[in-house]
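Chain residues, written in single-letter form:
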Amino acid sequence: MAYFEGVVEEEEDIIWNEIDKNGIDEELLIKNIDKETLNYIAQQLQNLCTEIGNRGEKDENYWLRGQWYSDATDSEQYKSVLSLGKAAMKPLFLILYQSKSSGMYEWICSKALEEISAYDFSQENNGAGWSDSKEFLELFIRKANATIENKQMEGQE
């Protein structure tokens, strides 16, 4: 399987000017996202969720064994999204931000965004990390805001 070519140079810092203390500027976020990258990510991860769902339907113990976790994170689809690097961050964030659900698809998007961003949430909830995509999004926004504030303070020195 050929991997999609990302549009953001890996060395570039992602500037989250769509996020501030007052919330998310969704219009700006949408404007700042490459639609082709967004569509590619959505297609890859939706296909992955369909495959995992089919496995769960065929094997009633599939979900109990927790095999879905490694099937998701070891999949070609997941790896292809990760291979986009920073180019995938804002599209993944938008998917999570706009989603009304908190299911498998959103969990996979959260996991990918966490890996790409290298934000460490493992100490949250007394070491349990985040519990679902809604909590992940809240933690991510808080971390992005803190990063923005730190960079602003560095620039004032």
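In case you missed it, the structure is sitting above this.
Residues numbered from 1 in each chain as written. Predicted model: local features only at pLDDT ≥ 70, side-chain atom pairs only at ≥ 80, totals over all residues. Heavy atoms only, no water.

Student: Is there a simple way to think about the packing of helix 2 (residues 35–58) against helix 7 (residues 104–117) in this case?
Tutor: For any two helices packed against each other, one specifies the crossing angle of their axes together with the interaxial distance. The contact between helix 2 and helix 7 brings their axes to 10 Å, and the two run at 125 degrees. On the basis of the axis angle, helix 2 is oblique to helix 7. For the element pair helix 2 and helix 7, the recorded crossing hand is right-handed. Counted together, A42, L45, Q46, L48, C49 and I52 of helix 2 and M104, Y105, I108 and C109 of helix 7 form the full contact between these two elements. Among the residues making up the contact of helix 2 with helix 7, the classes are represented as nine nonpolar, one polar and no charged. (Axes fitted to C-alpha atoms, helices over the stretch in contact; angles between N-to-C directions. Helix = DSSP H or I, 4+ residues; strand = E, 2+ residues; numbered from the N terminus. Parallel < 35°, antiparallel > 145°, perpendicular 65-115°, else oblique. Left-handed = near helix turned anticlockwise from the far one by under 90°. Contact = heavy atoms within 4.5 Å. Nonpolar A, V, L, I, M, F, W, Y, C, P; charged D, E, K, R; others polar.)

Student: Please explain the side chain of S133 as it appears in this structure.
Tutor: As for its position among the elements, S133 is in helix 9 (residues 133–156). Judged by its relative accessible area of 4%, S133 falls in the buried class. Separated by 3.0 Å, the side chains of S133 and S102 make a polar contact. With sequence-adjacent residues up to four places away left out, S133 is seen in contact with L96, S101, S102, E106, W107 and S110. (Buried < 20%, exposed > 50% of the residue type's maximum accessible area, 1.4 Å probe, protein only. Polar contact = N/O pair within 3.5 Å; in protein donor to acceptor, adjacent residues only side chain to side chain.)

Student: Teacher, can you tell me more about the environment of L96 here?
Tutor: You can see L96 is positioned in helix 6 (residues 89–98). In the structure, L96 is positioned ten residues away from E106 in sequence and 6.2 Å away in space, judged by C-alpha atoms. For L96, the contacting residues outside a window of four places in its chain are E106, C109, S110, L113, S133, K134, F136 and L137.

Student: Looking at this model, I keep getting lost on the pattern of salt bridges. Mind explaining?
Tutor: If the charged atoms of two oppositely charged side chains come close together, the side chains can form a pair. Taken as a whole and assessed by the stated rule, the structure comprises six salt bridges. R55 is the partner of E51 in a salt bridge, and the nearest nitrogen-oxygen pair spans 3.7 Å. Taken together, the positions of E51 and R55, both in helix 2 and four residues apart, correspond to about one turn of that helix. Its relative accessible area of 34% is what places E51 among the partly exposed residues. Where D71 meets R55, a salt bridge forms, and the shortest distance between an N and an O atom there is 3.4 Å. With D71 in helix 4 (residues 67–73) and R55 in helix 2, the pair connects residues that are 16 residues apart, well separated along the chain. Residues joined by salt bridges that share partners form a network here, namely E51, R55 and D71. (Salt bridge = Lys/Arg side-chain N within 4 Å of Asp/Glu carboxyl O.)

Spatial relationships are all this shows, so hold off on functional conclusions.
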